[in-house]
Amino acid sequence: AEYMGEVFQSAMLGVFLVLPVLLAVPLSNTLTTTQDPPGVLLVAVVTAPQHERARRAIRDTWVATAKAATLPMDIRFFIGWPEDTNLESIIHSEQETYGDIIRLAVTEKYENLGTKTLETVSWAYDHGYYRVVKVDDDTYLNVPALEKFLQESAPTDRLYAGQFKDGGLVIDDPSSKWYMRDQYPHETFPRYAFGPCYFLGQEMVHHIATNKGKLPAYRVEDAGVALWTEGLALNTVNMPNLLNSAYCTDAPPQPVFVTPVNAQEMAVIHDNVQRGDVCGDRSNPYVLEECRTNRCRCWPPPEGNCENFANGEYVDVIPRL
């Protein structure tokens, strides 16, 4: 039971690329500062080519709120190259309409998010962004709460924020979609922030971007971020959040992020947040649809066996299309 609890918690991870472990190589010197850098915060929404409906829901909700933010920020959607070339016309039309899509030289596969994250952070650095919030497209970002969090956390140059996992198991079952023992032959990962939303300060952005060619594209993307930056002296801080929980009341009224949220309920969460409480009526709190229908993805896990969920092949479980 204890192992399955760890498997379940380890299941709350990102996605990965199959590559051999790289040999240790010297890395560039890190960048140090004493105050927040000037410039614009990049909110990087990592999204799949076919998730047009999710992107539209995001634009209609929290992106609209960001326009009134006092903290300068740019929001961009990062998409690689789809295996289904029929999606290109949809992406092209969407870009013509909104102009907020960044294309990356990465083949879009579930197992390629490690590379996609490296490319996203590098693009940010190359275009003058020194602080990055990475968000999945099934995540609601509460922009005013994010602003408040970053103001209270300043200076943020060494900040690494999200919802952290301590002692996460390195899955050793090659049939699991989270298998990474071949790339990282240890029992547990170092402390890392779960993939749906995390903040990378200037130190991390600089380090990842300037060493991109020397860093392994780990299959477990969010744990990979911690491994890439393990030698840095970082300030790791939990953000207020509602992450994969069946109980909305576990979260504060104004969390920084909520996940998993499908396209239909993005507006529900947005309206609740705008009214003052993500749960709506706390006497009858809102339950995320994915937590109602796929309890092995949400905490606490149901009684029984969630091993098939942890070890199965990837499926696009959030109905975002």
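Computed from a predicted model, the values in this text were never measured in an experiment. (Residues numbered from 1 in each chain as written. Predicted model: local features only at pLDDT ≥ 70, side-chain atom pairs only at ≥ 80, totals over all residues. Heavy atoms only, no water.)

The topology assignment puts Asn142 in the loop between β5 (140-141) and α6 (143-153). Here Asn142 falls in the buried class, since its relative accessible area comes to 2%. Between the C-alpha atoms of Asn142 and Phe257, which are 115 residues apart in sequence, the distance is 5.7 Å. Leave out the neighbours within four places in its chain, and Asn142 touches Gln254, Pro255, Val256 and Val273. (Helix = DSSP H or I, 4+ residues; strand = E, 2+ residues; numbered from the N terminus. Buried < 20%, exposed > 50% of the residue type's maximum accessible area, 1.4 Å probe, protein only. Contact = heavy atoms within 4.5 Å.)

Right, let's get into the packing of helix α2 (residues 52-60) against helix α9 (residues 263-275). Between two packed helices, the angle of one axis relative to the other and the distance separating the axes together describe the packing. The geometry of α2 relative to α9 is characterised by a closest axis approach of 8 Å and an angle of 15 degrees between their N-to-C directions. For the element pair α2 / α9, the angle class is roughly parallel. When you trace α2 past α9, the crossing you get is right-handed. Across the interface between the two elements, Arg53, Ala54, Ala57 and Ile58 from α2 touch Ala263, Gln264 and Met266 from α9. Residue composition of the contact of α2 with α9, by class: 5 nonpolar, 1 polar and 1 charged. (Axes fitted to C-alpha atoms, helices over the stretch in contact; angles between N-to-C directions. Parallel < 35°, antiparallel > 145°, perpendicular 65-115°, else oblique. Left-handed = near helix turned anticlockwise from the far one by under 90°. Nonpolar A, V, L, I, M, F, W, Y, C, P; charged D, E, K, R; others polar.)

What links the strands of a sheet is backbone hydrogen bonding, and the strands pair in either a parallel or an antiparallel sense. Judged by pairing direction, the sheet is mixed, and its 3 strands sit side by side in the order β5-β12-β11 without closing on themselves. Every other strand in the sheet has two partners, leaving β5 and β11 (241-243) as the edge strands with one partner each. Both β11 and strand β12 (residues 257-259) contribute to a ladder of 3 bridges, which runs parallel. Its bridge partner lying in β12, Leu242 is registered against Val258. (Pairing = 2+ DSSP bridges.)

Turning our eyes to something else, we now look at unusual backbone geometry. In the segment running from Ala154 into Pro155, the intervening peptide bond is cis, with an omega of -5 degrees. With respect to the helices, strands and loops of the structure, Pro155 is situated in the loop between α6 and β6 (159-162). Note the cis peptide between Trp299 and Pro300, where omega equals -5 degrees. Checked against the element boundaries, Pro300 lands in the loop between α10 (289-293) and α11 (307-311). The phi dihedral of Asn244 falls on the positive side, at around 45 degrees, and the residue is not glycine. Summarising the element assignment, Asn244 is placed in the loop between β11 and β12. Relative accessible area serves as the criterion here: at 5%, Asn244 is assigned to the buried category.

Turning next to the pattern of salt bridges. Overall, the coordinates contain 18 salt bridges when judged by the stated rule. Across the pair Arg59 and Asp100 runs a salt bridge, and its minimum N-O distance is 2.8 Å. Of the two residues, Arg59 is situated in helix α2 and Asp100 in the loop between α4 (87-98) and β3 (101-107); the sequence distance between them amounts to 41 residues. The two residues Arg59 and Asp100 agree in class, both being buried. Residue Lys116 is joined to Glu108 by a salt bridge in which the shortest nitrogen-to-oxygen separation is 2.6 Å. Residue Lys116 is classed as buried on the basis of its relative accessible area, which comes to 3%. The exposure class assigned to Glu108 is buried, which follows from its relative accessible area of 16%. Among the charged side chains, a network of salt bridges with common partners joins Arg55, Arg59, Glu94 and Asp100. (Salt bridge = Lys/Arg side-chain N within 4 Å of Asp/Glu carboxyl O.)

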